[in-house]
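Listed below, chain by chain, are the residues.
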Amino acid sequence: MNIVIDRFEDEYILAELENKTIVKLPKILFPDAEEGDVITLYINHEETESRKENIKKLMDDLWED
């Protein structure tokens, strides 16, 4: 999903979604962003799965007899 930075207000970015909805995001997420910048958001399924596996391993090690 692409979003476009519309403007800044205090510590927030107001960004337009693809469906023209405006959302407020913390400016700290995109410290170098400027008005008009396009930000691409996506779910990183590979990293999510890797984190799940690491957590499962930690739990298995913790509860191992």
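The structure reproduced in this document is the subject of the present report.

1. Structural notes on the nonpolar core
- Grouped together as the largest cluster of nonpolar side chains are eight residues: Ile3, Ile5, Ile13, Ala15, Leu17, Leu25, Ala33 and Ile39.
- Other than its neighbours up to four places away in sequence, isoleucine 39 contacts Met1, Asn2, Ile3, Ile5 and Phe30.

2. As for the pattern of salt bridges
- All chains considered together, the criterion is met by five salt bridges.
- A salt bridge links arginine 7 to glutamate 9; the nearest nitrogen and oxygen atoms lie 3.2 Å apart.
- The exposure class of glutamate 9 is partly exposed, given its relative accessible area of 36%.
- Between glutamate 16 and lysine 20 there is a salt bridge; the shortest N-O distance is 3.7 Å.
- A cluster of three or more residues bridged by salt bridges with shared partners is formed by Asp6, Arg7 and Glu9.

3. Regarding the sheet that holds strand E4 (residues 38–40)
- Sheet architecture is open: four strands sit in the order E3-E2-E1-E4, paired in antiparallel fashion. Pairing within the sheet leaves two strands with one partner each, and these edge strands are strand E3 (22–26) and E4. Going from strand to strand, the sheet's axes swing by 40° on average, the running direction of each strand aside.

Reading the values: the criteria
Residues numbered from 1 in each chain as written. Predicted model: local features only at pLDDT ≥ 70, side-chain atom pairs only at ≥ 80, totals over all residues. Heavy atoms only, no water. Core = buried A, V, L, I, M, F, W, Y, C linked by side-chain atoms within 4.5 Å. Buried < 20%, exposed > 50% of the residue type's maximum accessible area, 1.4 Å probe, protein only. Contact = heavy atoms within 4.5 Å. Salt bridge = Lys/Arg side-chain N within 4 Å of Asp/Glu carboxyl O. Pairing = 2+ DSSP bridges. Helix = DSSP H or I, 4+ residues; strand = E, 2+ residues; numbered from the N terminus. Axes fitted to C-alpha atoms, helices over the stretch in contact; angles between N-to-C directions.

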